[in-house]
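Structural overview
Residue strings, one per chain:
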2 protein chains.
Amino acid sequence: MRPDSAEMPEFSPRQNAVLEQALRLLVQGGEKALTTSGLARAANCSKESLYKWFGDRDGLLSAMIAYQASKVRTHERPGERLTADLLRDHLELFARDLLEVLAGDVSLALNRLAVGQSSRDGSKLGKLLLEHGRRQIDRRAIALIEQGKRAGLLRFDNADAAYHTLYGLIVSDLHVRMLLGEPGLKDNARQAQKAVDAFLTLHGTQKQSADALSAFAGR
Amino acid sequence: MRPDSAEMPEFSPRQNAVLEQALRLLVQGGEKALTTSGLARAANCSKESLYKWFGDRDGLLSAMIAYQASKVRTHERPGERLTADLLRDHLELFARDLLEVLAGDVSLALNRLAVGQSSRDGSKLGKLLLEHGRRQIDRRAIALIEQGKRAGLLRFDNADAAYHTLYGLIVSDLHVRMLLGEPGLKDNARQAQKAVDAFLTLHGTQKQSADALSAFAGR
DNA sequence: CTCTTTGCGTACCGTACGGTACGGTTCTGC
DNA sequence: GCAGAACCGTACCGTACGGTACGCAAAGAG
């Protein structure tokens, strides 16, 4: 999936470099550190150019989100034949990736920015962030569990609901806690493993489920 | 649990009224609407009094969180004899309460505020919010599931981990989505019910578990 | 070589904020 | 009824932001 034909602004290399600096400033000092003057100074450009390229400050923020999203393209998995172990591996990989993404500096900074703006801009940035940043990873997971269902390894009616269950098991309240400033987990892999265990207990079809239930709750 | 003896600032009725106005301003217009001048005007007090009472703007924000937390006291459940049905009812009640609290205007506004500040103040507000706002509700749930374990209705090793599982099943990514400006759920009760079903499937001891597993995943 | 575009650097403007100072008014203790 | 504190309303200050204007250098087009 490359050029989504329409709806892609796409920026020049120079503009990308400026957006990179903007992200750096945002990560380092939060929203208040991302001033037009400061960005012009950091990126060695003029404020006038900023306004010419991005319109106004909101346009700059939107461009930052679009730019960051354009960097993270999810690699579509080839449709290999799924086994129970393979499904578990892929689910755990997804869980680790998800935790890693959510804990990333830039992700946290952009989410904080969008949350802070959501009161005043009608959640425009929030929508953008969910569209560009999350739909990709959502699709990857939903495709995976639907593949698991077709292979007879998972059971559920509503793939969306099942995915939300998986998401909740993986993330719990960690994302909000990190947005509030708490440090992340010590061991993402361990959390991923336990979450996938629980998910397979709920939605897996293997008779191993029963054993896993004991193992999961019991230890 | 009444007066925590120490560490409670406690404000005068007049100051509480001012804080109420501050919360109103914050809910209506976000952080940028919460200016000292605006608050003084809305609350019919002088800026000088604001600074006398709360020190500076950060002190005001902290006071708002403390005040809001002081309004929400969790009602400790009496330690009645638990049955499976009773446990499920209490868990569902907790889940509905949690969803309702998280979706509340004031809660969302304060969380947005703390998230926005977390970049620049070393997450002071975030810590405050988690301490005052969440520990109460956390304790209530953990007490409940530990009671369930003592009654032989639940099984787990780490009550904290089990609680986080429950939390994730109830909330998933809903809290962050709402912080970003998305509307809440259409039916909190339905979500609460499904989450508790899943939680009991994972951690319940009833042989019903097996049936529930089918019912849960299959429907 | 010249014209035009692009963009950098800087200076500038209006505004609005956090915080302080002051005169006048109400409330409280005696 | 009086002194002192608490407090309100307003005016004020310094600062820093978003956004605009201008002068000038570099680069591509003809």
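Predicted model, so just to flag it, every value in this text is computed and none were measured.

What counts and what doesn't
Residues numbered from 1 in each chain as written. Chains lettered and ligands numbered in written order. Predicted model: local features only at pLDDT ≥ 70, side-chain atom pairs only at ≥ 80, totals over all residues. Heavy atoms only, no water. Helix = DSSP H or I, 4+ residues; strand = E, 2+ residues; numbered from the N terminus. Polar contact = N/O pair within 3.5 Å; in protein donor to acceptor, adjacent residues only side chain to side chain. Contact = heavy atoms within 4.5 Å. Salt bridge = Lys/Arg side-chain N within 4 Å of Asp/Glu carboxyl O. Nonpolar A, V, L, I, M, F, W, Y, C, P; charged D, E, K, R; others polar. Expected span 1.5 Å × (residues − 1). Buried < 20%, exposed > 50% of the residue type's maximum accessible area, 1.4 Å probe, protein only. Arc of directions from axis to C-beta. Axes fitted to C-alpha atoms, helices over the stretch in contact; angles between N-to-C directions. Parallel < 35°, antiparallel > 145°, perpendicular 65-115°, else oblique. Core = buried A, V, L, I, M, F, W, Y, C linked by side-chain atoms within 4.5 Å. Near = heavy atom within 4 Å.

1. Examining the side chain of Ser172(B)
In this structure, Ser172(B) sits in the loop between helix H8 (159-171) and helix H9 (174-179). One polar contact links the side chain of Ser172(B) to the main-chain carbonyl oxygen of His164(A), over a distance of 2.9 Å. Setting aside residues no more than four positions away along its own chain, Ser172(B) makes contact with His164(A), Tyr167(A), Gly168(A), Ser172(A) and Tyr167(B).

2. Topic: the interface of chain A and chain B
Interface size is often expressed as the accessible area that is lost when the parts come together. The interface is formed by 44 residues belonging to chain A together with 44 residues belonging to chain B. In this structure, the connection of chain A to chain B is made through two salt bridges. In this structure, the salt-bridge partner of Arg134(B) is Asp173(A), at a minimum N-O distance of 2.7 Å. Put simply, chain A and chain B have eight residue pairs in polar contact (both at pLDDT 80 or more) between them. Taken together, the elements giving at least two residues each to the side of chain A that touches chain B come down to helix H6 (105-117), helix H7 (124-150), helix H8 (159-171), helix H9 (174-179), helix H10 (188-203) and helix H11 (208-218) of chain A. The class makeup of the residues in the side of chain A that touches chain B is 16 nonpolar, 16 polar and twelve charged.

3. Remarks on unusual backbone geometry
For Asn44(A), which is not a glycine, the phi torsion comes out positive at approximately 55°. Tracing the chain through its elements places Asn44(A) in the loop between helix H2 (36-43) and helix H3 (47-54).

4. Brief notes about helix H1 (residues 13-29) of chain B
All names here are of chain B. Over its 17 residues, H1 runs 24 Å from end to end, which matches the ideal 24 Å to within 8%, given 1.5 Å per residue. Within the sequence span of H1, burial applies to Gln15, Val18, Leu19, Ala22, Leu23, Leu25, Leu26 and Gly29. Along the axis of H1, the buried residues cluster in a sector spanning 160°; they form a single face. Opposite its buried face, H1 presents the exposed residues Pro13 and Gln28, each directed more than 90 degrees away. Buried-residue contacts for H1 involve helix H2 (36-43), helix H3 (47-54), helix H4 (57-71) and helix H6 (105-117). Backbone geometry just downstream of H1 places Gly30 in the positive-phi region, at approximately 75°.

5. Considering the packing of helix H7 (residues 124-150) of chain B against H8(B)
In a pair of packed helices, the angle between the axes and the distance between the axes together describe the arrangement. Residues and elements named next belong to chain B. Look at H7 against H8: their axes get within 10 Å of each other, and the N-to-C directions meet at 110°. Considering their axes alone, H7 and H8 lie roughly perpendicular with respect to each other. Residue-level contacts link Arg134, Ile137, Asp138, Ala141, Ile142, Ile145 and Glu146 of H7 to Ala159, Asp160, Ala162, Tyr163 and Tyr167 of H8. Each residue belonging to the contact of H7 with H8 can be placed in one class, and the counts come to eight nonpolar, no polar and four charged.

6. Thoughts on the nonpolar core
Core analysis: the biggest nonpolar cluster contains 130 residues, and Met64(A), Leu91(A), Ile170(A), Met64(B), Leu91(B) and Ile170(B) have the highest contact counts within it. Every residue in contact with Met64(A), bar those within four places of it in the chain, is listed here: Leu19(A), Ala22(A), Leu23(A), Leu26(A) and Leu34(A).

7. A few points about the protein's contact with DNA strand D
Near DNA strand D you find 14 residues, and of these Lys47(A), Glu48(A), Arg57(A), Arg14(B) and Ser49(B) are the closest. Sugar plus phosphate, as a fraction of atoms of DNA strand D within 4 Å of the protein: 57%. At a separation of 2.3 Å, a base oxygen of DNA strand D approaches a polar side-chain atom of Lys47(A). At 2.8 Å from a phosphate oxygen of DNA strand D is found a side-chain nitrogen or oxygen belonging to Arg14(B).

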